[in-house]
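Summary of the model geometry
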Amino acid sequence: MGEPLVPRMQGFGTTIFAEMSALAVATGSINLGQGFPDTDGPPTMLETAVEAIRSGGNQYPPGPGLPELREAVAAQRLARYGLEFDPAAEVFVTVGATEGIAASVLALAGPGDEVIVFEPYYDSYAATIALAGAIRRPVTLRPVEGRFTFDPDELRAAVGPRTRVILVNSPHNPAGTVFTREELDVIAGVCREHDLIAITDEVYEYLTFDDVEHIPLATLDGMRERTVSVSSTGKTFSVTGWKTGWVTAPARYIRAVQTVKQFLTYATGGPWQRATAYALQNELPWVEELRTSLQAKRDRLITGLEAAGFATYRPQGTYFVQADIRPLGFSDGMELARALPDKAGVVAIPTQVFYDHAEAGAHFVRFAFCKKDEVIDEAVERLARLH
């Protein structure tokens, strides 16, 4: 028999995160590759989940999510951004943001439709677009004055008669960019002009630095009615294993997303939903402390990387630093990432795997700084061996 994998999914084998995390375990290396914290979220939030388990909240919750979480999400969007959503019809709970994005793309883009993405892009985007039978149209983010951004003319040129969706990630993983109002105005203008749906990945919405503001695309003129926004508890509250996310959108889009999602997982864990509702209502001061600590960790890692010889880009948000490997005499990030465990006992992610145009990211590797200070210090001490 031939290859059992359907053609549209060939090329999507083991994710780079699984490969590099396995390499970290096999070599005893420090894992600055996959973006998960090495400390837990707010203790009272964790206890709320434990109590939910002990009190019998262990059977199927409602498919659209527990009402208390949907109400908490709606309250958060209103209080933080002035966006009003009906929790009964315009908020929908998913198994993490990854499923929320997948269900949204599968619901709103079909065979032959085109989906614009900004590259480098989170790897699930490409796979999800392929699952939908759609075609991705990448627009490249390039460094300009110390941050990654796009050329508005390239974005406009990417739109064709089959374009249906634009997928926007801000704060952006892996580039670390938080799109400005001016950049978002360009995106919104393209959406309005061509009647496009925007799917926004906002999982790092609270984790921005240097007083940079996250602006949801849905807050711009004419965008509330054409935007499907996705976020989650994992990054905000340092519980990435809970896989509890949500979609906020006009009711007609929520119905479309639900039609797909109900046949993927139907529901997500009730105890995590209950604890997330509690956290959105009570633990935002803890999140502000997390944001402050992450900014200090970012600076700590950048100082060490630059001392080790890398050139770096200071991210405005997320968990990640992009490091240019060329000052160290390297040119292929994949080659270096696979060699780093032996060369220095550290694992990073080669950024080129997040591009269609791999050459644009071949000289970058991505390091995560959502780690304890002593882990960061040990990692940069090891990386100094690359000199």
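Residues numbered from 1 in each chain as written. Predicted model: local features only at pLDDT ≥ 70, side-chain atom pairs only at ≥ 80, totals over all residues. Heavy atoms only, no water.

What to know about the pattern of salt bridges
In plain terms, the rule: Here a salt bridge means any side-chain nitrogen of Lys or Arg lying within 4 Å of a carboxyl oxygen belonging to Asp or Glu. The helix and strand labels rest on DSSP assignments: H or I over at least four residues marks a helix, E over at least two residues marks a strand, and numbering proceeds from the N terminus. Accessible area is worked out with a 1.4 Å probe on protein chains only. A residue is then buried under 20% of its type maximum, exposed over 50%, and partly exposed in between.
Inspection of every chain in the model, using the stated rule, returns 22 salt bridges. Here Arg77 and Glu205 are joined by a salt bridge, their closest N and O atoms 3.4 Å apart. Taken together, the residues Arg77 in helix 3 (residues 67-81) and Glu205 in the loop between strand 8 (197-201) and strand 9 (227-232) connect sequence positions 128 residues apart. The same class applies to Arg77 and to Glu205, which are both buried. We note a salt bridge from Arg298 to Asp210, for which the minimum N-O separation is 2.8 Å. Note that Arg298 is positioned in helix 10 (residues 284-307) and Asp210 in the loop between strand 8 and strand 9, a separation of 88 residues in sequence. What makes Arg298 buried here is its relative accessible area of 1%. Residue class for Asp210 comes out partly exposed when judged on its relative accessible area of 41%.

So, the domain arrangement of the protein chain
Threshold: Domain ranges listed in this record stem from an automatic or a database domain assignment. We call two residues in contact whenever any of their non-hydrogen atoms come within 4.5 Å of each other. Buried area is a sum: the accessible area each of two parts loses on coming together, probed at 1.4 Å, counted once for each and added. Between N or O atoms, a polar contact is any pair within 3.5 Å; within protein, one atom must be a potential hydrogen donor and the other a potential acceptor, and residues adjacent in sequence are included only when both atoms are from side chains. When residues are sorted by character, Ala, Val, Leu, Ile, Met, Phe, Trp, Tyr, Cys and Pro go into the nonpolar class, Asp, Glu, Lys and Arg into the charged class, and all the rest, Gly among them, into the polar class.
Examined at the domain level, the protein chain breaks down into domain 1 (7-41 + 285-384) and domain 2 (60-282). Between domain 1 and domain 2, the C-alpha centre-to-centre distance is 24 Å. Of the residues lining the interface, 37 residues belong to domain 1; the matching set on domain 2 comes to 40 residues. Taken over both partners, the interface formed by domain 1 and domain 2 buries close to 3,300 Å², and the fraction arising from carbon and sulfur atoms is 61%. On the domain 1 side of the contact with domain 2, Gln316, Thr318 and Phe354 bury the most area, a combined 21% of that side's loss. One can count 18 residue pairs in polar contact (both at pLDDT 80 or more) joining domain 1 with domain 2. Counting only elements with at least two residues in the side of domain 1 that touches domain 2, the list comes to helix 10, strand 12 (320-324) and strand 15 (364-368). The element that contributes the greatest number of residues to the side of domain 1 that touches domain 2 is helix 10, accounting for eight residues. Residue composition of the side of domain 1 that touches domain 2, grouped by class: 19 nonpolar, eleven polar and seven charged.

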